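The residues making up each chain are set out below.
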Amino acid sequence: MIELLDSLVRIDSVTPWLIPGGAGEGEVARFMQRWLTSAGLDVTLEDVEPGRPNVLAWLRGTAPGPTICLTAHSDTVGYAAWPDRALTPVVDGDRMIGVGVADDKGGCAAAMLAAAELVRCGTPLAGNVLVALAIDEEGVSIGTEHLVAHHADEIDLAIELEPEGSHLIFGEHQGFGWIDIVVFGEPAHGSAPDKGVDAIVHMAEVITRLHRLDETRWKPNPDPRNGRTVFHTGTIAGGTDYATYPAEVVLGIEIGTQPGETLADRVAEIEAIFDEVKAVEPRFRGEVRVRLDRDPFTGAGNDALLAALADATEAVNGTRAQITGLNAWTDAALLQSAGIPTVLFGPEGGNYHAAEEWVSIPDVIATAEILRRTVVTLIGVPEPATSPS
Ligand SMILES: [Zn+2]
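Criteria and thresholds
- Residues numbered from 1 in each chain as written.
- Predicted model: local features only at pLDDT ≥ 70, side-chain atom pairs only at ≥ 80, totals over all residues.
- Heavy atoms only, no water.
- Helix = DSSP H or I, 4+ residues; strand = E, 2+ residues; numbered from the N terminus.
- Buried < 20%, exposed > 50% of the residue type's maximum accessible area, 1.4 Å probe, protein only.
- Contact = heavy atoms within 4.5 Å.
- Core = buried A, V, L, I, M, F, W, Y, C linked by side-chain atoms within 4.5 Å.
- Donors = N, O, S within 2.8 Å, 3.2 Å for Na, K, Ca; no water.
- Tetrahedral: all angles 85-135°; square planar, octahedral: opposite > 155°, others 65-115°.
- Pairing = 2+ DSSP bridges.
- Axes fitted to C-alpha atoms, helices over the stretch in contact; angles between N-to-C directions.
- Domains from an automatic or database assignment.
- Buried area = accessible area lost by both parts, 1.4 Å probe.
- Salt bridge = Lys/Arg side-chain N within 4 Å of Asp/Glu carboxyl O.
- Polar contact = N/O pair within 3.5 Å; in protein donor to acceptor, adjacent residues only side chain to side chain.
- Nonpolar A, V, L, I, M, F, W, Y, C, P; charged D, E, K, R; others polar.

- By the naming in an unreviewed UniProt entry, the protein goes by Peptidase M20 dimerisation domain-containing protein and is assigned to Mycobacterium aquaticum.

**Overview of the side chain of Thr 374**
Part 1 of the reasoning: When you line up the elements, Thr 374 lands in helix H9 (residues 361-379).
Part 2 of the reasoning: With a relative accessible area of 1%, Thr 374 lands in the buried category.
Part 3 of the reasoning: Excluding its chain neighbours within four sequence positions, the residues that come into contact with Thr 374 are Ile 159, Leu 305, Ala 308, Leu 309 and Ala 312.

**What about the nonpolar core?**
Part 1 of the reasoning: Core analysis: the largest hydrophobic core is formed by 54 residues, its most contacted members being Leu 8, Leu 70, Val 129, Leu 133 and Ile 159.
Part 2 of the reasoning: Among residues more than four places away in sequence, those in contact with Leu 70 are Ala 111, Ala 114, Val 129, Leu 130, Val 131, Ala 132, Ile 159, Leu 161 and Leu 371.
Part 3 of the reasoning: Among the nonpolar cores identified, the runner-up in size contains 22 residues, and Val 249, Ile 253, Leu 263 and Ile 270 belong to it.

**Observations concerning the environment of Val 14**
Part 1 of the reasoning: Counting through the fold element by element, Val 14 comes out in the loop between helix H1 (2-10) and helix H2 (26-38).
Part 2 of the reasoning: Along the sequence, Val 14 and Gly 301 sit 287 residues apart, while their C-alpha atoms lie 34 Å from each other.
Part 3 of the reasoning: The residues touching Val 14, leaving out its near neighbours within four places in the chain, are Ile 19, Gly 22, Ala 23, Gly 24, Thr 76, Val 77, Gly 78 and Tyr 79.

**So, unusual backbone geometry**
Part 1 of the reasoning: Cis rather than trans, the peptide bond between Asp 103 and Asp 104 has omega equal to 15 degrees.
Part 2 of the reasoning: Structurally, Asp 104 is set in helix H3 (residues 101-121).
Part 3 of the reasoning: Even without a glycine there, the phi angle at Asn 351 is positive, about 55 degrees.
Part 4 of the reasoning: Looking at Asn 351, the relative accessible area reads 38%, which means it is partly exposed.
Part 5 of the reasoning: Look at His 353: it is not a glycine, yet its phi comes out positive at around 60 degrees.
Part 6 of the reasoning: Along the chain, His 353 falls in the loop between strand E17 (349-350) and strand E18 (358-360).

**Focus on the coordination of the zinc ion**
Part 1 of the reasoning: At this site the zinc ion is bound by His 73 (NE2), Asp 103 (OD), Glu 162 (OE) and Glu 162 (OE), with donor distances of 1.8 to 2.6 Å.
Part 2 of the reasoning: Considering all four donor atoms around the zinc ion, the spread of angles at the metal, 54 to 150 degrees, places the coordination shape in the irregular class.
Part 3 of the reasoning: Mapped onto the sequence, the donors of the zinc ion take the spacing H-x29-D-x58-E. Note that His 73 is positioned in strand E3 (residues 63-73) and Glu 162 in the loop between strand E7 (157-161) and strand E8 (168-170), a separation of 89 residues in sequence.

**Structural notes on the sheet that holds strand E4 (residues 90-92)**
Part 1 of the reasoning: Strand order in the open sheet made by the four strands is E4-E5-E18-E17, with antiparallel pairing throughout. Pairing within the sheet leaves two strands with one partner each, and these edge strands are E4 and E17.
Part 2 of the reasoning: Sheet analysis places strand E5 (residues 95-97) next to E18, joined by three bridges and oriented antiparallel. Bridging from a neighbouring strand, Met 96 pairs with Val 359 of E18.
Part 3 of the reasoning: Across the face of the sheet, H3 comes into contact with E5, E17 and E18 while running at roughly 40 degrees to E18.
Part 4 of the reasoning: Contacts between H9 and the sheet are confined to E4, E5 and E18, with E18 contributing the most and set at about 55 degrees to the helix.

**Some details on the domain arrangement of the protein**
In many reports, interface size means the accessible area that the parts give up when they come together.
Part 1 of the reasoning: When cut into domains, the protein gives domain 1 (2-173 + 296-379) and domain 2 (175-294).
Part 2 of the reasoning: Measuring from the centre of the C-alpha atoms in domain 1 to the corresponding centre in domain 2 gives 37 Å.
Part 3 of the reasoning: Across the contact, 16 residues belong to domain 1 and 15 residues belong to domain 2.
Part 4 of the reasoning: Summed over both sides, the interface of domain 1 with domain 2 buries roughly 1,100 Å², with 53% coming from carbon and sulfur.
Part 5 of the reasoning: Among the residues of domain 1 in contact with domain 2, Glu 172, Pro 296 and Trp 329 are the three that bury the most area, contributing 44% of the side total.
Part 6 of the reasoning: Run the count over domain 1 and domain 2 and you get two salt bridges.
Part 7 of the reasoning: For Arg 294, the salt bridge goes to Glu 145, with nearest N and O atoms at 3.0 Å.
Part 8 of the reasoning: If you look at where domain 1 meets domain 2, you find six residue pairs in polar contact (both at pLDDT 80 or more).
Part 9 of the reasoning: Elements that contribute at least two residues to the side of domain 1 that touches domain 2 include exactly strand E9 (172-173), strand E14 (297-298) and strand E15 (322-324).
Part 10 of the reasoning: Broken down by class, the residue content of the side of domain 1 that touches domain 2 amounts to eight nonpolar, six polar and two charged.

So this is what it looks like as structure tokens:
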């Protein structure tokens, strides 16, 4: 495990969507292909964009049955905060430190080793295992979008591997939207207050009310599983110069949705704020532009998978994992939305998207064994009962 994880971290796979000029996933995908092929899986690379392939590794069972997809992402965020050490993993006690070691190369390694171990043991399976290592999760998830667009009908169950710790299993999590709120003013000379409408002052009214909504509604009422509904501002831009009434200002926000909600619920709340502002500022004009809309992950049909996974955590760790939710978004939502019952699970780590990112080596090993056992529970062929002679 240490050798595999070390090799994965050393190969730069920064997502070029996030960091222009990032190395991309091509080289790490070719390494994964070689490793999985020599482990005995049937591997293909599928270009999602030129030079950015998903890795699909099949372990086909000896009898027909459902296909379980073990999926993780091969890209990482950038490492500008620690350029000298990010790609040179070190082992420190139980931990390995390096960029992407937890998010998500620990998940990739656990899936790869679990599948390799099933081959090595010659475990008879009534069904198939697909190890899918997708690109661009740290970007806009075009890797998993491609996976579900081309293979959803071949997959019956999925385990999305992302770090948190094998003591937790996530059956749901929040969705989110990236939204531009645009407020329009009326440009005018600074000395023409009767003509000018100050877009930035009007935006201040909107921001104040958004903040109040967060303080009074979302902050005091966290979802018991998925936490406080995500809300924060991200960017703001507007105005032309000191001497002119600003004609337009654009605020970029990130905002969450709980399972059962949609982004349209959040948009309606923002439009209600527009009405409030218009009541005190009659010349107010605003517009909501949804830039990205990601549904929450609302687990359905995954009871057998949750039970098998929870049993396996108990067998391997000695304590049963807690089934809960998360106040973040993952590709699990795309799999579930494509009709594939999915759970989210993965090894313990820390300092995600920051310097000194680490993963627990024992927990990556435990995760691989938990995955192997879960597959055996779900599609393993029981030993034939030996008849007395
Ligand atoms: Zn991740």
